[in-house]
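Now for the letters of each chain:
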Amino acid sequence: MATKTTNTKKNSLLIVESPTKVKAIKKFLGTGYDVAASNGHVRDLPKSQMGVDVEHDFEPKYITIRGKGDVLADLRKKVKKADHVYLATDPDREGEAISWHLIAALKLNEADAKIQRVTFNEITKNAVKEAMKHPRDIDMNLVDAQQARRVLDRMVGYSISPLLWSKIKRGLSAGRVQSVALRIIADREEEIESFIPSEYWTLDVNLAAEGEKKPLVAHYYGEGNDKKEIKSKEELDKICASLKGAKYVVSDVKKGERTKKAPLPFTTSTLQQEASKALNFSTQKTMRVAQQLYEGIELGKQGTVGLITYLRTDSTRVSDEAVASANAYISANFGDKYLSEGATVKKSDAKIQDAHEAIRPTYIENTPVVVKEYLSRDQFRLYQLIWRRFMASRMAPAKYETTSVKIDAGVHRFTVAASKTVFDGFLNVYTDEDDQIEKNVLMKNLDTTTKLKFDSFDSAQHFTQPAPHYTEASLVHDLEALGIGRPSTYAPTISTILARHYITKENKAIFITELGQAVNKMMNDAFPQIVDVNFTSNMEALLDGIAEGDVKWKTVVENFYPDLNEAVVAAEKEMEMIQVQDEVTDEICPNCGRNMVIKYGPHGKFLACPGFPECKNTMPYFEKIGVECPKCGKDLVLKRTRKGRIYYGCIGNPECDFMSWARPVKEKCPKCGKFMVAKSNKLACSDQECGFSCNKDELKKE
């Protein structure tokens, strides 16, 4: 990648992506510069076909995006008048590709000395002016990495989607990343569905200490140094019986100090996760609001100011200037003791895309309070989160004084743990739910001579819980941890599978729909490699290799396509043999008397009249599961919530309120007689307190 010498002339044109940036950048550069926007992408693969010539070196067939004619015509006029053209699209692979496409769309010569590329990570005067001092050529490694991603995604989508249309319903889509994300969600749902809870109990003892009014609460640990879990009421009763009349003695008191390091500044994924948890923002909303903060907000006398650095990044690096500015602010407003001793930097073997900075405020002096009156409520809340997180990342760790107490009663041991904050450090400006620590009030003079007297026991029954349903935050976390996708792909991936009704959200929890299950099953059966997590992660590594210049992009594509094409051909043959047709039911259309058929809609199956378009009657489809309702004896059917989540309910009696998230079965629990539910290859009693479970075959044999 060559760096061109600066040759700024009086009449220069700078082209950015977004019109929002134009005014601010024009003000920074002053006279002699014209600033115009491309309004995003100007060329892409055609929608009507795959757009990749698989028989001629996988050459992409780019066309001008419909509706961009006027924009390009205006840019061509400006280019002709300019002595120098700077392409200042976003500082990532996609932005690099847009600049390259602009050269082609504007019919420019890439080798022309007057065409130069500039990048800046923030829309501020210093950043823009500094970028103009270091123009360069288009980085074709970054362009090729983006081309490879686009071509791979297009080949997967346009090869597999038609099969989904013929197998399930028209309008469905498959994607290289979205299909893996759907599989991850489906696997979690299957894990939750097959989970069988285990019973356990906790035991606390309330002790009165000599000279103290408040009781001391200690938690059961085990026998001596051996930790023991209480698994049943019988075990609990046995322990309590053996403790009758026992003498409680403080055997050990240890004091220590614990530190909690400041968090790293935000990357794209951590911002999406924290905004979801703290602000209840979807990933799509987070990126939309962050884009507004990045592109610039009108701040009264300050004019239009970009409030944060570039929002698509997986780096936690921070510029020296930003560090110095933050340190000065912390020293002046909190004191030197709050300063971090060293930079908070993420240590990882993973390649950091494009060496961006972390997401941070562009000017520390623009505190949330200062800019609040100029921001919408959502903009303010997100900016405040970013500002506080960055400030915290530059501050000293929090320090706690910890106390650990062991209390022995015969062979049994109880423990007490307490901590108190002795220095709040970064917690002065930023806390999250992970910063909540256990707190217990302990006596100041508690030691091995303290006399204790038994007061009472507190016991409670618990059941182990399955892994939680995914939220957008936890899904982004796992996608990043598994190496699936990149900062720019998380939000559109989740948005796509939501829009296709493959998944649904209730509160923050994500559930797979019946339609999503059907799509996931077909992808797993016909295209196991496409939905393989390791395969997709390795593909991301290859894309990184292209960006680094170590791998040729067409080599990656030509190695990928034959296996994909072979799987598609095989799937097509199998489907031809199956001859998928609409399933005819016994339900009669009340309008025309035909037998209604089962169709797939956005939320799953429904009944439709085969006489369409003459008869357009549709009805809900309730699939009987062959089990009687435990409450009223009528048929149980598969139902869906308004958002598409599957559950089981009674259809024969409108007054019956029976429902179950797990699928009921005919067999009754041999232990308590209540109905049982299917849990993967096991059956479990619907009553957790009963706790009975067994393999399906075992109960049938009995």
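Residues numbered from 1 in each chain as written. Predicted model: local features only at pLDDT ≥ 70, side-chain atom pairs only at ≥ 80, totals over all residues. Heavy atoms only, no water.

Peer 1: Give a description of the overall build of the chain that names residues and reports values.
Peer 2: Along the chain, the regular secondary structure elements total 18 helices and 31 strands. Projected onto its principal axes, the C-alpha coordinates of the chain cover approximately 95 × 80 × 45 Å. Partitioning the intrachain contacts of the chain with sequence separation of at least 6 by distance along the chain shows that 66% fall at a separation of at least 24. For the chain, the exposed surface amounts to about 35100 Å²; the carbon and sulfur share of it is 48%. Of note, the chain has its 103 positive side-chain charges centred 5 Å away from the centre of its 97 negative side-chain charges. (Helix = DSSP H or I, 4+ residues; strand = E, 2+ residues; numbered from the N terminus. Contact = heavy atoms within 4.5 Å. Areas by Shrake-Rupley, 256 points an atom, 1.4 Å probe, with all protein chains shown as cover. Lys, Arg positive; Asp, Glu negative; His and termini not counted. Charge placed at Lys NZ, Arg CZ, Asp CG, Glu CD.)

Peer 1: Got a sec to walk through the confidence of the model for the chain? Specific residues and values, please.
Peer 2: Predicted coordinates in regions of low pLDDT should not be interpreted in detail. Taken residue by residue, the chain gives an average pLDDT of 88. The fraction at 70 or more is 92%. In the model, residues 4-9 has pLDDT below 50 throughout and makes 20 contacts with residues more than four positions away in sequence or in other chains. Confidence drops under pLDDT 50 across residues 343-354; counting only partners more than four residues distant or on other chains, this segment forms 28 contacts. (pLDDT = per-residue confidence, 0-100.)

Peer 1: Residues and numbers for empty space enclosed by the protein, please.
Peer 2: Applying the stated criterion to the full structure yields 1 cavity of 30 Å³ or more. Reported here for the largest cavity is a volume of approximately 30 Å³. Along its surface, the largest cavity is lined by S173, A174, G175, Q178, S179, L182, I497, Y502, V519 and M523. Taken together, the elements giving at least two residues each to the lining of the largest cavity come down to α6 (178-194) and α15 (514-526). Broken down by element, the lining of the largest cavity gets its largest block of residues, 3 residues, from α6. (1 Å grid on protein atoms, 1.4 Å probe; cavity = no way out; pocket = protein on both sides within 12 Å on 5 of 7 lines; lining within 4 Å. Points joined across faces, edges and corners; volume = space filled by probe spheres on them.)

Peer 1: So what's going on with the packing of helix α5 (residues 140-167) against helix α16 (residues 533-548)? Residues and values would help.
Peer 2: Viewed as axis vectors pointing N to C, α5 and α16 meet at an angle of 150°, and their least axial separation amounts to 6 Å. One way to sum up the angle between α5 and α16 is to call them roughly antiparallel. Note on element contacts: α16 touches α5 through M539, E540, L543, I546, A547 and E548, opposite N141, L142, D144, A145, A148, R149 and L152. (Axes fitted to C-alpha atoms, helices over the stretch in contact; angles between N-to-C directions. Parallel < 35°, antiparallel > 145°, perpendicular 65-115°, else oblique.)

Peer 1: Tell me about the sheet that holds strand β28 (residues 664-668), and please be specific about residues and values.
Peer 2: Strand pairing in a sheet relies on backbone hydrogen bonds. The paired strands run either parallel or antiparallel. Read from one edge of the open sheet, 4 strands run β28-β29-β30-β31, paired in antiparallel fashion. Where the open sheet ends on each side, the last strands, each with one partner, are β28 and β31 (693-695). Strand-to-strand twist in this sheet, taken as the mean axis angle between neighbours without regard to direction, amounts to 35°. Where β28 meets strand β29 (residues 675-679), 2 bridges bridge the pair, whose relative direction is antiparallel. Each bridged residue has a counterpart across the sheet, and for P664 the counterpart in β29 is V677. (Pairing = 2+ DSSP bridges.)

Peer 1: Could you give an account of the layout of surface pockets, with specific residues and numbers?
Peer 2: A volume near 1600 Å³ is recorded for the largest pocket. Lining the largest pocket are 48 residues, and of these D44, R150, D153, R154 and P492 lie nearest its centre. Elements with a minimum of two residues in the lining of the largest pocket: β3 (43-44), β6 (63-64), α3 (93-105), α5, α9 (283-295) and α14 (490-499). With 11 residues, the single largest contributor to the lining of the largest pocket is α5. Across the lining of the largest pocket, the residue classes tally to 15 nonpolar, 18 polar and 15 charged. In this structure, the second largest pocket occupies an estimated 1300 Å³ of space. Along the wall of the second largest pocket there are 44 residues; nearest its centre are E189, I192, E193, W661 and A662. Put simply, the parts of the chain that give the lining of the second largest pocket at least two residues each are α6, β19 (509-512), α15, β26 (646-650), β29 and β30 (682-685). Tallying contributions element by element places α6 first for the lining of the second largest pocket, with 7 residues. Residue composition of the lining of the second largest pocket, grouped by class: 22 nonpolar, 11 polar and 11 charged. (Nonpolar A, V, L, I, M, F, W, Y, C, P; charged D, E, K, R; others polar.)

Peer 1: Requested: an account of the pattern of salt bridges, with residues and values cited.
Peer 2: By the definition in use, this model includes 30 salt bridges. The salt bridge involving D44 is made with R150; its shortest N-O contact spans 3.1 Å. Within this pair, whereas D44 is found in strand β3, its partner R150 is found in helix α5, the two being separated by 106 residues in sequence. On the basis of relative accessibility, which here comes to 22%, the residue D44 falls in the partly exposed class. (Salt bridge = Lys/Arg side-chain N within 4 Å of Asp/Glu carboxyl O. Buried < 20%, exposed > 50% of the residue type's maximum accessible area, 1.4 Å probe, protein only.)

Peer 1: So what's going on with unusual backbone geometry? Which residues, and what values?
Peer 2: The linkage connecting F612 with the following residue, P613, adopts the cis geometry, with an omega of 10°. Phi at N39 is positive, roughly 55°, even though this residue is not glycine. Phi at H501 takes a positive value of approximately 65°, unusual for a residue other than glycine. The residue H501 is located in the loop between α14 and β18 (503-506) in this model. Here H501 falls in the partly exposed class, since its relative accessible area comes to 27%.

Peer 1: So what about the nonpolar core? Which residues, and what values?
Peer 2: Grouped together as the largest cluster of nonpolar side chains are 79 residues, with contacts concentrated most on M155, I160, F527, F560 and L564. The greatest single-element share of this core, amounting to 11 residues, is contributed by α5. When residues no more than four places from it in sequence are discounted, the contact partners of F527 are I160, L163, M522, A567, V568 and A571. Y33, A88, M287 and L311 belong to the second largest nonpolar core, which has 67 residues in total. (Core = buried A, V, L, I, M, F, W, Y, C linked by side-chain atoms within 4.5 Å.)

Peer 1: Account for the sheet that holds strand β25 (residues 635-640), naming residues and giving values.
Peer 2: Taken together, the 4 strands give an open sheet; going across it, the order is β24-β25-β26-β27, and neighbouring strands pair in antiparallel fashion. The sheet terminates laterally at β24 (623-628) and β27 (659-660), the two strands that pair on one side only.

Peer 1: Could you give an account of the environment of F426, with specific residues and numbers?
Peer 2: Tracing the sequence through the fold places F426 in the loop between β16 (412-423) and β17 (452-463). On the basis of relative accessible area, F426 is assigned to the buried category, the value being 1%. Taking the C-alpha atoms as reference points, F426 and P397, separated by 29 residues in sequence, lie 6.1 Å from one another.

Peer 1: Residue-level account of the environment of T89, with values.
Peer 2: Here T89 shows up in the loop between β7 (84-87) and α3. When the C-alpha positions of T89 and L14 are compared, they lie 9.4 Å apart, and in sequence the two are 75 residues distant. Beyond its immediate sequence surroundings of up to four residues, T89 is in contact with I15, E17, G95, E96, I98, S99, L102, R117 and V118. Within the structure, the side chain of T89 is placed 2.6 Å from the backbone oxygen of G95, a separation counted as a polar contact. (Polar contact = N/O pair within 3.5 Å; in protein donor to acceptor, adjacent residues only side chain to side chain.)

Peer 1: Go over the packing of aromatic side chains with me, naming the residues and quoting the values.
Peer 2: Enumeration according to the criterion identifies 13 aromatic pairs in this entry. Here Y338 and F423 contribute two aromatic rings whose centre-to-centre distance is 4.8 Å and whose plane-to-plane angle is 45°, an arrangement assigned as tilted. Within this pair, whereas Y338 is found in the loop between α10 (320-333) and α11 (368-371), its partner F423 is found in strand β16, the two being separated by 85 residues in sequence. Side by side, Y338 and F423 carry an identical accessibility label, which is buried. Counting every residue linked through ring pairs, the aromatic cluster contains Y220, Y248, F414, F454 and F457. Here the guanidinium or amino end of R188 rests over the ring plane of Y470, the centre of that ring lying 4.1 Å away. Above the face of the F622 ring, K639 is positioned so that its terminal group lies 5.8 Å from the ring centre. (Phe/Tyr/Trp six-rings, centres within 6.5 Å; stacked < 30°, edge-to-face > 60°. Lys NZ or Arg CZ within 6 Å of the ring centre and 35° of its normal.)

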